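# Breakdown of the fold
The lines below spell out each chain.
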Amino acid sequence: MATDASGSAPHGHGLIFVNPAAGDDDGGVDDLREAFPGHRVRECEPADLANEVSRAKDGDLLFVGVAGGDGTFRCVAQEMVGGDVPLLAVPAGTRNHFARQLELVDFAAAVRAADGP
């Protein structure tokens, strides 16, 4: 788990939005919940994603994660612009070009990124 300026683990949790239509079903919501204990995982239809992220980004979150492909990530990133909450790409889409560029090739890599250095 990442630490804050005092060296303590920060309080709160992350929130991962899952596009249920993305990807090839190699890793589902249950797998994400298991990989990210202590964080919330929420399925969200693409049509509702922008509104859900807009409401969530102003909360007390450690990060907002996106489990979906590049299109899902782009939608969330547009809503997160100008905010202070870190954005995490979780590879769960078909191609995952953006996540792969960040070397986030699987859930385990995304968990390490969420935990910080």
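Our subject is the structure listed above.
A few points on the structure.

Calculation notes
Residues numbered from 1 in each chain as written. Predicted model: local features only at pLDDT ≥ 70, side-chain atom pairs only at ≥ 80, totals over all residues. Heavy atoms only, no water. Pairing = 2+ DSSP bridges. Helix = DSSP H or I, 4+ residues; strand = E, 2+ residues; numbered from the N terminus. Axes fitted to C-alpha atoms, helices over the stretch in contact; angles between N-to-C directions. Contact = heavy atoms within 4.5 Å. Core = buried A, V, L, I, M, F, W, Y, C linked by side-chain atoms within 4.5 Å. Buried < 20%, exposed > 50% of the residue type's maximum accessible area, 1.4 Å probe, protein only.

Take the sheet that holds strand β1 (residues 13-18) next. Taken in spatial order, the four strands make up an open sheet running β2-β1-β3-β4, and their pairing is parallel. Strands with a single pairing partner mark the edges of an open sheet, and in this sheet they are β2 (40-43) and β4 (87-91). Ignoring strand direction, the axes of neighbouring strands in this sheet form an average angle of 25°. Where β1 meets β2, four bridges bridge the pair, whose relative direction is parallel. Across the sheet, Ile16 pairs through a bridge with Val41, a residue of β2. Running over the sheet, helix α3 (residues 70-80) touches β3 (61-68) and β4 and is turned about 150° from β3.

Grouped together as the largest cluster of nonpolar side chains are 33 residues, with contacts concentrated most on Ile16, Phe17, Leu32, Phe36 and Val90. For this core, the secondary structure elements donating two or more residues are β1, α1 (29-35), α2 (46-56), β3, α3, β4 and α5 (107-115). The element best represented in this core is β3, accounting for six residues. Discounting chain neighbours no more than four positions away, the residues touching Phe36 are Ile16, Phe63, Leu88, Val90, Phe107, Ala110, Val111 and Ala114.

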